[in-house]
Amino acid sequence: MTQDELKQAVARAAMQYVPAGTIIGVGTGSTTNYFIDELGAAKGLIRGAVASSQATAARLARHGIEVVDLNDVVELPICVDGADEIDPGLSMIKGGGGALTREKIVAAVARTFICIADASKRVETLGHCALPVEVIPMARGYVERELRAMGFEPSLRGRFVTDNGNLILDVLCQRIEQPGELEAQINGIVGVVTNGLFARRGADMALIGGPDGVTVLQRSQ
């Protein structure tokens, strides 16, 4: 199976966890786009969705799915999103597309956070890909200096601006042995909005697409 076929397979598998007649959270990215298309094909299954980015909102709207403001929702039964990397404990690096802050907010409101990904995203230890850090523009230089003092080398993501009007610093971390601790440490830098480590609120379940089908992983309690 091609990578796109694996993404489509996990998107289809995620549909069995969607409660009918509810409002759900929907993430951002290429794998999540397949999930949105599956939702669109299941006309009337859900009442609406909270989008984690403008791109996701636009794709939902094209399928005729009502996009709901998160402020009008107390709780979401599920949030479905992808990952750039996911480890055995279901901690993740996310934000390659720059939507990490809104993705993290939507995930925080969900009772169950479901990650959908192809097998190439599974790693034993996080850190193979760059860790995105969203920063307030005026704090960019300060945050860069603080990250360097921590032993990292951040780089500005070109001319990219997030949906929140902020910048992204991409940080190579190599091996992240304690993702929850590093997540909190980076978030403690003044001027950081959040970073792409999803460890303190990792996935509750992961659907991983591989050559032998979709594997279901559960977060250990």
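Residues numbered from 1 in each chain as written. Predicted model: local features only at pLDDT ≥ 70, side-chain atom pairs only at ≥ 80, totals over all residues. Heavy atoms only, no water.

Going by this rule: UniProt positions are given in the numbering used here, feature names are shortened, and annotations may be inferred rather than shown by experiment.
The protein carries the name Ribose-5-phosphate isomerase A in an unreviewed UniProt entry, which gives Candidatus Methylophosphatis roskildensis as its organism. In its Catalytic activity (unreviewed entry) section, the UniProt record describing the protein reads: "aldehydo-D-ribose 5-phosphate = D-ribulose 5-phosphate". As recorded by UniProt, the Pathway (unreviewed entry) comment attached to the protein reads in full: "Carbohydrate degradation; pentose phosphate pathway; D-ribose 5-phosphate from D-ribulose 5-phosphate (non-oxidative stage): step 1/1."

## Considering the packing of aromatic side chains
In this description, a pair of aromatic rings is defined by centroid distance and the angle of the planes. Short version of the rule: Note on aromatic contacts: the rings of Phe and Tyr and the six-membered ring of Trp form a pair at centre separations within 6.5 Å, being stacked when their planes are under 30 degrees apart, edge-to-face when over 60 apart, and tilted otherwise. Where helices and strands are cited, they refer to DSSP runs of H or I of at least four residues and of E of at least two residues respectively, numbered from the N terminus. For the exposure calls, accessible area comes from a 1.4 Å probe over protein chains only, and a residue counts as buried if that area is under 20% of its type's maximum, exposed if over 50%, partly exposed in between. Charge over a ring is defined by NZ of Lys or CZ of Arg lying within 6 Å of the ring centre and within 35 degrees of the ring normal.
Under the definition given, this model contains one aromatic pair. Measuring from ring centre to ring centre gives 6.3 Å for Phe 113 and Phe 198, while their planes differ by 50 degrees; the resulting arrangement is tilted. Within this pair, whereas Phe 113 is found in strand 6 (residues 110-118), its partner Phe 198 is found in strand 11 (residues 197-198), the two being separated by 85 residues in sequence. Classification of Phe 113 as buried rests on a relative accessible area of 0%. Directly above the aromatic system of Phe 198 lies the positively charged group of Lys 94, at a separation of 5.4 Å from the ring centroid. The ring of Phe 198 is capped by Lys 104, whose NZ or CZ atom sits 4.9 Å from the centre of that ring.

## Here's the deal with the nonpolar core
Quick reminder of the rule: As used in this record, nonpolar core signifies buried Ala, Val, Leu, Ile, Met, Phe, Trp, Tyr and Cys residues forming a set joined through side-chain atoms within 4.5 Å.
Counting residues in hydrophobic clusters, the biggest one holds 23 residues, and the most contacted among them are Val 18, Ile 24, Val 26, Phe 35, Leu 39, Ile 116 and Leu 207. Residue assignment for this core shows that the elements contributing at least two residues are helix 1 (3-14), strand 1 (23-26), helix 2 (30-41), strand 2 (48-51), helix 3 (54-62), strand 3 (76-81), strand 6 and strand 12 (205-210). Per-element accounting of this core gives the leading share, four residues, to helix 1. Ranked by size, the runner-up nonpolar core spans 21 residues in total, among them Val 68, Cys 79, Leu 90 and Ala 203.

## Describing the UniProt feature "active site" (unreviewed entry) in the protein
As annotated by UniProt and renumbered to match this structure, "active site" (unreviewed entry) occupies Glu 103. Examined against the element boundaries, Glu 103 turns out to sit in helix 4 (residues 100-109).

## Regarding the packing of helix 1 against helix 2
When two helices pack together, their arrangement is given by the angle between the helix axes and the distance between those axes. Short version of the rule: Throughout, an axis means a line fitted to C-alpha atoms (over the contacting stretch in the case of helices), and angles, computed between N-to-C directions, take values from 0 to 180 degrees. Any angle from 65 to 115 degrees is called roughly perpendicular, while one under 35 is roughly parallel, one over 145 is roughly antiparallel, and all others are oblique. Two helices that cross are described as forming a left-handed crossing if the nearer one is turned anticlockwise from the farther one by less than a right angle, and a right-handed crossing if clockwise. It only takes one pair of heavy atoms within 4.5 Å for two residues to be counted as in contact. Amino acid classes used here: Ala, Val, Leu, Ile, Met, Phe, Trp, Tyr, Cys and Pro are nonpolar; Asp, Glu, Lys and Arg are charged; the rest, including Gly, are polar.
Running from N to C, helix 1 and helix 2 cross one another at 50 degrees; their axes reach a closest spacing of 8 Å. On the basis of their axis angle, the class for helix 1 and helix 2 is oblique. Where helix 1 crosses over helix 2, the two elements pack in a sense that is right-handed. Every residue of helix 2 that contacts helix 1 at Asp 4, Lys 7, Gln 8, Val 10, Ala 11, Arg 12 and Ala 14 is listed here: Ser 30, Thr 31, Tyr 34, Phe 35 and Glu 38. When the residues that make up the contact of helix 1 with helix 2 are grouped by side-chain class, the tally is five nonpolar, three polar and four charged.

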